[in-house]
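Breakdown of the fold
Read off the chains here:
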Amino acid sequence: MSDTKLPILPKAPVEGIRVHVARAGLVIGDTAALDRLPDGRIGVYARVRQRFLGMIPRRRIALIGHLGPVAEDLLSPALSHGDPMRIRIIDLTPEHLANGFPPEIYISVWGDPRHFSERSAIHEAFLPLPTPAPEPEALAPRRPPRFRIA
């Protein structure tokens, strides 16, 4: 059996961010995990920096947000089967660099595509485009044009 992982979601945004991105100590390349939330959505968990009693720094796993509906449709079958996935934080925009917009966190998900939903638009983006079949008329030899010399 092969452990080859393929890109399932090359760049998926984390919605409903629940941490202060600049203070959480998140960096590009950090590992993350996915798990079901009580309301049915898929939550994204990562190791963040927090202070104990306001003074002692510590790192603990916390919910940083949830995935959008398209990503949930794609990942739900694999999550219910318990397939191993590789989830990494690939892009961050903290509050002080967001220029008045909300902060952003993006993750990538790699895994074995056996149990992932195949009807998703994201999955179809990785499939090759279908080539149209040539019409029979286009395959028939054409006669050279006739020219009249006067």
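Everything numeric here is computed off the predicted structure, so don't read it as measured data.

Here we come to the sheet that holds strand β4 (residues 56-67). Read from one edge of the open sheet, six strands run β2-β3-β4-β1-β6-β5, paired in antiparallel fashion. Edge strands, defined here as strands with exactly one partner in the open sheet, are β2 (32-36) and β5 (85-93). On average, adjacent strands in this sheet sit at an angle of 40° to one another, irrespective of strand direction. Relative to strand β6 (residues 104-111), strand β1 (residues 6-15) runs antiparallel, the two being bridged by five bridges. When the bridges of β6 are listed, P7 appears paired with W110.

Considering all chains together, one arrives at two salt bridges under this definition. Residue D91 pairs with K11 through a salt bridge whose shortest N-O separation is 3.3 Å. With D91 in strand β5 and K11 in strand β1, the pair connects residues that are 80 residues apart, well separated along the chain. Residue D39 pairs with R41 through a salt bridge whose shortest N-O separation is 2.8 Å.

For the rest of this paragraph, the subject is unusual backbone geometry. Located in the positive-phi region is N99, a residue other than glycine, with phi close to 55°. As for its placement among the helices and strands, N99 is situated in the loop between β5 and β6. Exposure remark for N99: the relative accessible area of 68% places this residue in the exposed category.

A word on the environment of I90. Within the secondary structure, I90 is located in strand β5. A relative accessible area of 30% means that I90 is categorised as partly exposed. With 77 residues separating them along the chain, I90 and P13 place their C-alpha atoms 9.9 Å apart. Setting aside residues no more than four positions away along its own chain, I90 makes contact with P10, K11, I28, Y106, I107 and S108.

Procedures and definitions
Residues numbered from 1 in each chain as written. Predicted model: local features only at pLDDT ≥ 70, side-chain atom pairs only at ≥ 80, totals over all residues. Heavy atoms only, no water. Pairing = 2+ DSSP bridges. Helix = DSSP H or I, 4+ residues; strand = E, 2+ residues; numbered from the N terminus. Axes fitted to C-alpha atoms, helices over the stretch in contact; angles between N-to-C directions. Salt bridge = Lys/Arg side-chain N within 4 Å of Asp/Glu carboxyl O. Buried < 20%, exposed > 50% of the residue type's maximum accessible area, 1.4 Å probe, protein only. Contact = heavy atoms within 4.5 Å.

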